[in-house]
Amino acid sequence: MPIFYAKKKKETPKGLSFWYNLSMQSPKLNHKHYNKFSTVRQLVLPLDYSPMIPETEPVRLLDAVLEELDYTALLRLYSTKGRKSAVPPKILFKVIVFAMLEGVYSLRAIRRQCQVNIQYMWLLQGYPAPSHMCIGRFYERITLPVLEDLFAQFIHLLSKLDSVTMDEVYIDGTKLEANANRYTFVWRKNIERGLKKLKEQYPAFREQIAQGLLPGADTLKDTDLLAALAAKCMEENVPFVSGKGHHKPKLQKAFEECEAFCAKRHEYEKQLSVLGERNSYSKTDPDATFMRMKEDHMRNGQLKPAYNVQLAVESEYIVGVGIFPNPTDTLTLIPFLNHMDSRFGLKPNHVVADAGYDSEENLDWLREHEYKSVIKPAQYEISKKKAFKERFWLPVTMSYDPEKDEYTCAKGRKLVFEKIRKTKHNSGYVSESYLYRCTNCQYCGLRKQCQRQGNRKQNKAIYINKKYNELQQENLERFLSENGIRLRVNRSIQVEGAFGQIKEDYSYKRILRRGKEAVYKELLFLAFGFDIRKLHNRIQGDRLTKRFLQETDKEKAF
């Protein structure tokens, strides 16, 4: 009976009244706006976020440094008429740079930080948190010349704040995976093979049409033939049919085959124009080239769409950024230095790089444009080994008589000058090699070791590039000098350390945006954030005047 009475009066059993009353009094617990059931608090007006941010935070340094830049070119991108931006472009620029400094790259992640992070709120100066679309529109609106001008101003400002003298610059490259699907490749060989097959099939198809349907078609091109077939169909009122149960007329079949042929040829030619000088590209990101990466999750050496990112570092700061489709670094040095000189106005005195940049074209260009090269020779490590010196068949180990202009092999036989061979490289550079041939290699006991099996029918021949040897000797003297040793030690610390920090500390191992221009913008913003973080660390570590890192400073710097 007590239980029945409780149900009739809608009373709850003892012990459950609290939860029952809570649900009856607060019926909007599942409401989207959580402030409906928040506890009662005293109203506090946050007039200024500055006292809540520690004085040693890098956001304060970022705001002070970026405030010194001239944003006139950026403001010209926005019209003075009509509705104003929700957030001024100058403040948006600071927010994006600070996001890169913190390792936040996604547009929605930046939006989230502006809503909950007090440092972003302090940068916004009371403006509302921008949406991800607002940040994306800023990315699209800011042009490369404007962003490069801001970066050039920033590097000039660093030269006043720290020891960025541009006396030396350390250059290196790495491959970053593009934001593209891995199996959307287009290969040059396949396109050329398909285009060649179409050209071989077209004469037979054209003669077949000329014999039965359209006299004189054997002299027409594919586009002219297609127009002639269309006119013929209209003239004879040929009904075009399709579907099951319909028999296509011969003219319709010929027109459709010719149309498919023209469409396929146009597709191949368009793909070749997109390729340019490359051998592959991705359909998802046509500016990305397939390269062999170090991070190979399949462990089978598969190619992935990527960009070859070049960095120039001086005094631990990134002073130059470049992206290239070349999988190797040899052909990137000259355009990269030209880009730094023309866009940023930076021309260093010493260029320090690894063996991947060693070539006759690079060394010749550096000497011609008054750069001092400190590039590691390609054969430097192997030349120090004892086994290399025992290779008597190499021109380096042979004795040379400059007066007679002849070489002497290990058997004492003479190699005399024969002719000059010119070689044109893919970049257009022409190199000259001097051919020296032995007078007689018969009955030589070392011939099997000295010559390859396919070349033993002729006398021993060697090719000497005198200009390249001269350039290498000048570079080697600087490389082995006391200053050269210090520069190459710092190259392995500074520029490779910058790549290590970007990939590991910043977790930036894959590019987020697509297209060469968008990728270049992203890397420039990343360079802004990296340099401000580096300036903050050098200020806090009392290293503002240090251009070189000694061996004892490695642990302190990184």
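Computed from a predicted structure; not experimentally measured.

Student: Lay out the side chain of Glu 360 in plain terms, naming residues and giving numbers.
Tutor: By secondary structure assignment, the location of Glu 360 is in helix 14 (residues 360–368). With no salt bridge to any partner, buried Glu 360 finds its closest opposite charge in Lys 467, at an N-O distance of 5.0 Å. Polar side-chain contacts of Glu 360 include one of 3.2 Å to the side chain of Tyr 429. Excluding residues within four positions of it along the chain, Glu 360 makes contact with Tyr 429, Ser 431, Asn 465, Lys 467, Tyr 468 and Leu 471.

Student: Please give an account of helix 18 (residues 466–480) that cites residues and values.
Tutor: Here helix 18 contains 15 residues, and its C-alpha end-to-end distance of 21 Å stays within 8% of the 21 Å for a straight helix at 1.5 Å per residue. The set of residues buried in helix 18 consists of Tyr 468, Leu 471, Asn 475 and Phe 479. Each buried residue of helix 18 sits inside an arc of 80 degrees when the element is viewed along its axis, so together they form one side. Its buried side turned inward, helix 18 meets helix 14, strand 8 (372–375), helix 15 (380–383) and helix 19 (482–505).

Student: Give a description of the packing of aromatic side chains that names residues and reports values.
Tutor: Under the criterion given, the structure shown has 24 aromatic pairs. With a centroid separation of 5.1 Å and 40 degrees between ring planes, the pair formed by Phe 154 and Phe 528 is classed as tilted. Of the two residues, Phe 154 sits in helix 9 (residues 144–161) while Phe 528 sits in helix 20 (residues 516–540), which places them 374 residues apart along the sequence. You'll find Phe 154 and Phe 528 in the same group, each marked buried. Feature note: the residues Tyr 71, Phe 93, Tyr 139, Phe 151, Phe 154, Phe 344, Phe 525 and Phe 528 constitute an aromatic cluster, connected by ring pairs. If you follow Arg 421 out to its NZ or CZ, it ends over the ring of Tyr 463, 3.9 Å from the centre.

Student: Can you explain the side chain of Asn 490? Please cite residues and give values.
Tutor: Summarising the element assignment, Asn 490 is placed in helix 19. In this structure Asn 490 touches Tyr 170, Val 495, Phe 548 and Leu 549, once residues within four positions along its chain are discounted.

Student: I'd like a rundown of the nonpolar core, residues and numbers included.
Tutor: Phe 93, Phe 525 and Phe 528 are the most contacted members of the largest nonpolar core, which has 104 residues in total. Ranked by residues supplied to this core, first place goes to helix 20 with 11 residues. Setting aside residues up to four positions removed in sequence, Phe 525 forms contacts with Phe 93, Ile 96, Val 97, Met 100, Phe 138, Tyr 139, Ile 142 and Leu 147.

Student: Just give me the short version of a nonpolar patch on the surface, but keep the residues and values in it.
Tutor: Residues Tyr 183, Phe 185 and Met 298 make up a contiguous nonpolar surface patch of roughly 330 Å² in combined accessible area. Mapping Met 298 onto the fold places it in the loop between strand 4 (289–292) and strand 5 (303–314). Among the residues examined, Met 298 registers a relative accessible area of 44% and is labelled partly exposed.

Student: Provide a residue-level description of the pattern of salt bridges, including the pertinent values.
Tutor: Overall, the coordinates contain 32 salt bridges when judged by the stated rule. Here Glu 267 and Lys 264 are joined by a salt bridge, their closest N and O atoms 3.6 Å apart. Of this pair, Glu 267 and Lys 264 both sit in helix 12 (residues 250–275), separated by 3 residues, roughly a single helical turn. Residue Glu 267 is classed as partly exposed on the basis of its relative accessible area of 37%. Between Arg 513 and Glu 522 there is a salt bridge; the shortest N-O distance is 3.1 Å. We classify Arg 513 as buried; its relative accessible area is 15%. Three or more residues joined by partner-sharing salt bridges are found here, namely Asp 162, Glu 316, Lys 534, Arg 538 and Arg 543.

Cut-off values and rules
Residues numbered from 1 in each chain as written. Predicted model: local features only at pLDDT ≥ 70, side-chain atom pairs only at ≥ 80, totals over all residues. Heavy atoms only, no water. Helix = DSSP H or I, 4+ residues; strand = E, 2+ residues; numbered from the N terminus. Buried < 20%, exposed > 50% of the residue type's maximum accessible area, 1.4 Å probe, protein only. Lys, Arg positive; Asp, Glu negative; His and termini not counted. Salt bridge = Lys/Arg side-chain N within 4 Å of Asp/Glu carboxyl O. Polar contact = N/O pair within 3.5 Å; in protein donor to acceptor, adjacent residues only side chain to side chain. Contact = heavy atoms within 4.5 Å. Expected span 1.5 Å × (residues − 1). Arc of directions from axis to C-beta. Phe/Tyr/Trp six-rings, centres within 6.5 Å; stacked < 30°, edge-to-face > 60°. Lys NZ or Arg CZ within 6 Å of the ring centre and 35° of its normal. Core = buried A, V, L, I, M, F, W, Y, C linked by side-chain atoms within 4.5 Å. Patch = residues over 30% accessible without salt bridge, like charges linked within 9 Å, V, L, I, M, F, W, Y side chains within 5 Å. Areas by Shrake-Rupley, 256 points an atom, 1.4 Å probe, with all protein chains shown as cover.

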